[in-house]
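Below, each chain spelled out in residue letters.
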Amino acid sequence: MLFSAGVDLNEIRALLRHTRLATTADVYVDILDEVRRSTARSMDGILSRLYSSSVTEK
């Protein structure tokens, strides 16, 4: 899928000739959910490392 390959959602909207971005987002909702979960996991890892290093510095 284009979105998984890093193509901007608005570019996909234009390619598919959707007039509203919300229409494209509705089509890609499953992919968007996985991207959000992946982002949350990445953020959790970053924050965990930051927390761990701040605790060991005290």
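Higher on the page you've got the structure.
These figures come from a predicted structure and were not determined experimentally. (Residues numbered from 1 in each chain as written. Predicted model: local features only at pLDDT ≥ 70, side-chain atom pairs only at ≥ 80, totals over all residues. Heavy atoms only, no water.)

K.L.:
Account for unusual backbone geometry, naming residues and giving values.
P.N.:
Here the phi dihedral of R17 falls at roughly 60°; this positive angle occurs in a residue that is not glycine. In this fold, R17 is placed in the loop between α1 (9–16) and α2 (21–27). (Helix = DSSP H or I, 4+ residues; strand = E, 2+ residues; numbered from the N terminus.)

K.L.:
Tell me about a nonpolar patch on the surface, and name the residues and values.
P.N.:
A surface patch of nonpolar side chains, about 380 Å² in accessible area, is lined by M43, I46, L47 and L50. Relative to the elements of secondary structure, L47 occurs in helix α3 (residues 29–57). Relative accessible area serves as the criterion here: at 48%, L47 is assigned to the partly exposed category. (Patch = residues over 30% accessible without salt bridge, like charges linked within 9 Å, V, L, I, M, F, W, Y side chains within 5 Å. Areas by Shrake-Rupley, 256 points an atom, 1.4 Å probe, with all protein chains shown as cover. Salt bridge = Lys/Arg side-chain N within 4 Å of Asp/Glu carboxyl O. Buried < 20%, exposed > 50% of the residue type's maximum accessible area, 1.4 Å probe, protein only.)

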